[in-house]
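Take a look at the letters that make up each chain.
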Amino acid sequence: MVTNLDKLGTEVSDSIWIVGGTRSGKTARLVEQFCIWSQTVKPVPPKVSDGWRSGRRRAGQTAPAILVLAANGDNRLELADRIAVATQGKYTFHSTTPFGFFEQEVLLFWPLLVQSLDLRAQFPLRLQPETELELAARLWRRELDEGILQQTGVSPNRMVRRTLDLLQLAAVSGTPREEIPSLLEQGFAGDGGSNNLWTSMGELLERWRQWCLTRGLLTYGIVCELYWRYLLQDGTYQQHLASRYQAVIADDVDDYPAISGHLFDRMLDQGAAGAFSYNPDGGVRLGLGADTEYLARLESRCQSVENLDAQAGLGPEIGDLAVSLAVNSDGFYPLGLSLPGKVRSLQTTSRAQLLRETAEIIVDAVKSKAVEPQEIAVIAPGMDAIARYSLTEILARDGIAAASLNDQRPLSTTPEIRALLTLLALVYPGLGRLVDRDAVAEMLVVLGSQKHRELAEQEDSHPTFNQKSQIQNAKSIDQVRAGLIADHCFCPDLDRPQLLAITAFPRWDRLGHRAAAAYEQIVEWIEQQRSQQQERLLPSPIALLDRAIQKFLMNDRYLPFDRLAALRELMETASHYWEINGRMQRVEPTNGGDSETIARFIQLLRQGTVTANPFPVRSEGRETQAVTLANIFQYRSSRRAHKWHFWLDAGSPLWLSGGAATLFGAPLFLRSQQGRPWQTEEETGADQQRLRRILLDLLSRCSLLYLCHSELAVNGQEQTGPLLPLIHSSVSCQQSA
């Protein structure tokens, strides 16, 4: 097939549809196809009209002619690395995710949208989810207070999030936002809310969208709507798209939103070639915006279809049997069933005992050299804080590290973050109500650390895991001393809370020299920052946070990777928050100063808001030698594989949901579902299909499996999940063996 750029002498092969199960070699085949196309596709010289793309290149450089897409940021990094290695870095390409591409294109061609939609000419800023939630709640405050936006048993914040998610679901599915109320009315058929509520949601979303566009603010939903509904239909943009990309490579399209299909259709219609990989048992993000079935129709657009039959892990041995037991057995399992010895069972009465025995099995296996820590994954439908803490602590006693995969916890759960928020409230005026004795004591413990350098030097730049833990736990101000200091030296005040001199504590000499010196250093630093703030020498709260991190936290070269990630996340969140606040002040100036904004920021984080993850980074070196802890959704999204799997809480009913909550109303926006009510039978069928995909996917990612089951859950209730027949069958096999 000759592309529309044949005038440049460029020719690429026909489009290819690559279908196969988990770990069947689909990504490797895409990399191979990229190498083939890189020999024939001629890079395109950039034009001035290409905006920032040409501005970032030196004279004589060319723009990438192949677009490479992956389902999420981590997968994108891995795919880009594999392509770079395969081509020895000799060929440029544009690597991104579907939403990353939509956002880049909307920003790049914003002048077209300004002209076609008659928008204010200002550079747009994208809202992070936590900021979006806060601003929408403020905009809809009257409707929330009057009960207009309300559902039984749903909190106000959750109601705001549900409403915003509807705009996102409509956008990624290619559904006009005006149809949201009618879709909800048809889909729920009177259940889950009244017609007045659906109408109100639609009206509020219209108001929110207009409010954002007037101020140049973009959300996930607004970006996607602007792209598929306006930009992709614009003739000028279509010409630019055709001239820039001659081929597209898309991995795991079963996890892409429906509007990705619109983009691919447009590119194929204009002569570009495509290579798409599809996993029938994938669909990790189904219910969160992906439309697996709709993307499958791309097969008909491809001239070549390749079926990869390679199978991996335990999938070929017990995949079908596990699905039969869990999905089709109705709670019963046949007698005399034979499961391979690679499937083992661990059963206890209580969950606490289960966590302890699971960790002990891992310790014994690592000590006996049967498996390395990095070859082990503990997977649960919901990896709660108790499980993470228990497993991490027990493993750490034997020098085994544990790493949480994409841990989606609120920033406020990290002690360093809470300490920094307390610092903000002590430096800036008018924030006394946000500081109490306990917060001050914790801040003193976190900031008053004393490193034992002689311990670090024992192993030079390569301390052991136990030595790292000792370094981290060596504190000049421990919990007891911090409590005494806070009781006697913290002076509450609504405007200017104070930390008094150490001598305000009559028995300060009992604290010890190190603790007293560390406390005085903290007090002196806070006073310096206060003085600079009053003299307007402190540029912003972000500068204060950066100074505090450099002074008290970053001078410890052994700060754990997860803590470093949390600090990066805090700084990115704070920078975004003040950037948006600056835009709001320019559009709608208020009399409130920094203190009012800081108070909102502190309250936003303290209420448990989960902030957006920082730009993906990967730990290097010895930190990678760790047992992986993850929930089902996180693990499947990462596309990782481990030699040993421990399925924690195997008897939990949460295996039906896969550990990821489906967005409210998500099934109604699937292209195959629109216009029809969502029936109970369909919900049951969807749950069973999700469980089938989970089992086949996870079994293909391991070669030995432990089913870890406790009769009682954390709340004391008996566990009666769908995997019980599989658990009982594995127990029977162990007993017979």
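Residues numbered from 1 in each chain as written. Predicted model: local features only at pLDDT ≥ 70, side-chain atom pairs only at ≥ 80, totals over all residues. Heavy atoms only, no water.

Q: Now, about the overall build of the chain: what can you tell me, with residues and values included?
A: Regarding its fold elements, the chain presents 29 helices and 16 strands. Looking at the 737 residues of the chain, the share that counts as buried comes to 54%. Partitioning the intrachain contacts of the chain with sequence separation of at least 6 by distance along the chain shows that 80% fall at a separation of at least 24. On the chain, roughly 32000 Å² of surface is accessible, and the fraction owed to carbon and sulfur atoms is 48%. (Helix = DSSP H or I, 4+ residues; strand = E, 2+ residues; numbered from the N terminus. Buried < 20%, exposed > 50% of the residue type's maximum accessible area, 1.4 Å probe, protein only. Contact = heavy atoms within 4.5 Å. Areas by Shrake-Rupley, 256 points an atom, 1.4 Å probe, with all protein chains shown as cover.)

Q: Pulling in residues and values, what's your account of the packing of helix H8 (residues 156-173) against helix H11 (residues 220-231)?
A: It is at 8 Å that the axes of H8 and H11 come closest, and there the two elements cross at 25°. Between H8 and H11, the angle is such that the two are roughly parallel. For the pair H8 and H11, the sense of crossing is left-handed. For the pair H8 and H11, the contacting residues are Leu167, Gln168, Ala171 and Val172 in the first and Tyr220, Gly221, Ile222, Cys224, Glu225 and Trp228 in the second. Within the contact of H8 with H11, the residues separate by chemical class into seven nonpolar, two polar and one charged. (Axes fitted to C-alpha atoms, helices over the stretch in contact; angles between N-to-C directions. Parallel < 35°, antiparallel > 145°, perpendicular 65-115°, else oblique. Left-handed = near helix turned anticlockwise from the far one by under 90°. Nonpolar A, V, L, I, M, F, W, Y, C, P; charged D, E, K, R; others polar.)

Q: For the pairing of strand S1 (residues 16-20), give the residues involved together with the corresponding values.
A: The buried fraction of S1 amounts to five of the five residues, a majority that puts the element mostly inside the structure. Of the two faces of S1, the one carrying Ile16, Ile18 and Gly20 and the one carrying Trp17 and Val19 are both buried. Alignment of S1 against strand S8 (residues 304-308), held across five bridges, turns out to be parallel. Residue Gly20 lies in a different strand from S8, and its bridge partner there is Leu308. (Pairing = 2+ DSSP bridges.)

Q: Tell me what's going on with the pattern of salt bridges, and back it up with residues and numbers.
A: Taken as a whole and assessed by the stated rule, the structure comprises 40 salt bridges. Put simply, Asp487 and Arg437 hold a salt bridge, and the shortest N to O gap is 2.8 Å. Of this pair, Asp487 sits in helix H22 (residues 479-489) while Arg437 sits in helix H19 (residues 437-447), and the two are 50 residues apart along the sequence. Look at the salt bridges and you will find they share partners, linking Arg177, Glu178, Glu206, Arg209, Glu225 and Arg229 into a network. (Salt bridge = Lys/Arg side-chain N within 4 Å of Asp/Glu carboxyl O.)

Q: Any chance you could break down unusual backbone geometry for me, citing the residues and the numbers?
A: Despite not being glycine, Asp252 shows a phi value in the positive range, around 60°. Judged by relative accessible area, Asp252 falls into the buried class, the value being 10%. Of note in the backbone geometry, Arg639 takes a positive phi value of approximately 60° without being a glycine. Its place among the elements puts Arg639 in the loop between helix H27 (632-638) and strand S15 (644-647).

Q: I'd like a rundown of the environment of His94, residues and numbers included.
A: Looking at where His94 falls in the secondary structure, it is placed in strand S3 (residues 94-96). Taking the relative accessible area as the measure of exposure, His94 reaches 9% and is therefore buried. Separated by 25 residues in sequence, His94 and Leu69 place their C-alpha atoms 8.4 Å apart.

Q: Run through the sheet that holds S15, naming residues and quoting values.
A: Across the sheet, which stays open at both edges, the six strands sit in the order S9-S16-S15-S10-S14-S11 with parallel pairing between neighbours. Each edge of the open sheet carries a strand with a single partner, namely strand S9 (343-348) and strand S11 (401-404). Adjacent strand axes in the sheet meet at a mean angle of 20° when their direction is disregarded. Judged from the four bridges that link them, strand S10 (residues 376-380) and S15 form a sheet pairing that is parallel. Of the residues in S15, the one forming a bridge with Ile379 is Trp647. Contacts from helix H17 (residues 385-396) reach S10, S11 and strand S14 (626-631), with the element oriented near 170° to S14. In the packing of helix H28 (residues 680-699) onto the sheet, the strands contacted are S10, S15 and strand S16 (704-710), and the crossing angle to S15 comes to about 150°.

Q: Please give an account of the sheet that holds strand S6 (residues 247-250) that cites residues and values.
A: Taken together, six strands build an open sheet; the order of strands is S3-S2-S6-S7-S1-S8 and the sheet is parallel. Two strands in the sheet have a free side with no partner beyond their single neighbour: S3 and S8. Going from strand to strand, the sheet's axes swing by 10° on average, the running direction of each strand aside. Two strands pair when backbone bridges link them, and S6 and strand S7 (residues 273-278) are joined in this way by four bridges, in the parallel orientation. Residue pairing in the sheet places Val248 in a bridge with Gly274 of S7. This element, helix H4 (residues 98-108), spans strand S2 (66-69) and S3 of the sheet and lies at about 115° to S3.

Q: Account for the nonpolar core, naming residues and giving values.
A: Counting residues in each nonpolar core, the largest one holds 89 residues, and the members touching the most others are Phe101, Trp140, Trp208, Phe264 and Phe276. With near-sequence residues (within four places) excluded, Phe276 lies in contact with Ile16, Trp17, Ile18, Leu30, Val248, Ala250, Val253, Phe264, Leu268, Leu298 and Cys302. (Core = buried A, V, L, I, M, F, W, Y, C linked by side-chain atoms within 4.5 Å.)

Q: Summarise the pairing of S16; cite the residues concerned and give the values.
A: Within S16, seven of the seven residues are buried, leaving the element largely enclosed by the surrounding structure. Both faces of S16 are covered, namely the face carrying Leu704, Tyr706, Cys708 and Ser710 and the face carrying Leu705, Leu707 and His709. Of the pairings in the sheet, the one linking S9 to S16 comprises six bridges and is parallel in character. Its bridge partner being in S16, Leu346 is matched across the sheet by Cys708. Looking at chain direction, S15 and S16 are connected through four bridges and run parallel. When the sheet's bridge partners are listed, His645 is paired in S16 with Leu705.

Q: Go over the confidence of the model for the chain with me, naming the residues and quoting the values.
A: Summing up the model confidence of the chain, the mean pLDDT is 86 and the portion of residues at 70 or higher is 86%. Of the regions scoring below 50 in pLDDT, residues 451-462 engages in 19 contacts with residues more than four places distant in sequence or in other chains. Note that residues 469-473 has pLDDT below 50 and, in this model, 10 contacts with residues that lie over four places away or in other chains. (pLDDT = per-residue confidence, 0-100.)

Q: Give a detailed account of the packing of aromatic side chains, specifying residues and quantitative values.
A: A full pass over the atoms with the stated rule returns 25 aromatic pairs. Judged by centre distance (4.2 Å) and plane angle (15°), the rings of Phe99 and Tyr220 are stacked. Here the residue Phe99 occupies a position in helix H4, and Tyr220 occupies one in helix H11, the gap between them amounting to 121 residues. A centroid spacing of 6.2 Å and a plane angle of 65° characterise the contact between Trp140 and Trp208, whose relative ring orientation is edge-to-face. Note that Trp140 is positioned in the loop between helix H6 (129-139) and helix H7 (141-145) and Trp208 in helix H10 (residues 195-214), a separation of 68 residues in sequence. An aromatic cluster is defined as three or more aromatic residues linked by ring pairs; in this entry it consists of Phe101, Phe102, Phe109, Tyr227, Tyr237 and Tyr245. Over the ring of Tyr294 we find Arg297; its NZ or CZ atom is 4.4 Å from the centre of that ring. Geometry around Tyr294 places Arg671 over its ring, the cationic atom sitting 4.9 Å from the centre. (Phe/Tyr/Trp six-rings, centres within 6.5 Å; stacked < 30°, edge-to-face > 60°. Lys NZ or Arg CZ within 6 Å of the ring centre and 35° of its normal.)

Q: Requested: an account of the environment of Asn328, with residues and values cited.
A: Structurally, Asn328 can be placed in the loop between helix H15 (315-327) and S9. The exposure class assigned to Asn328 is exposed, which follows from its relative accessible area of 54%. Remark: the alpha-carbon pair of Asn328 and Gln688, spanning 360 residues in sequence, is separated by 8.8 Å.

Q: Tell me about the side chain of Ser277, and please be specific about residues and values.
A: Its location among the elements puts Ser277 in strand S7. Residue classification places Ser277 among the buried positions, given a relative accessible area of 0%. Sequence-distant contacts of Ser277, defined by excluding residues within four places in its chain, comprise Ile18, Lys26, Leu30, Ala250, Asp251, Asp252, Val253 and Asp254.

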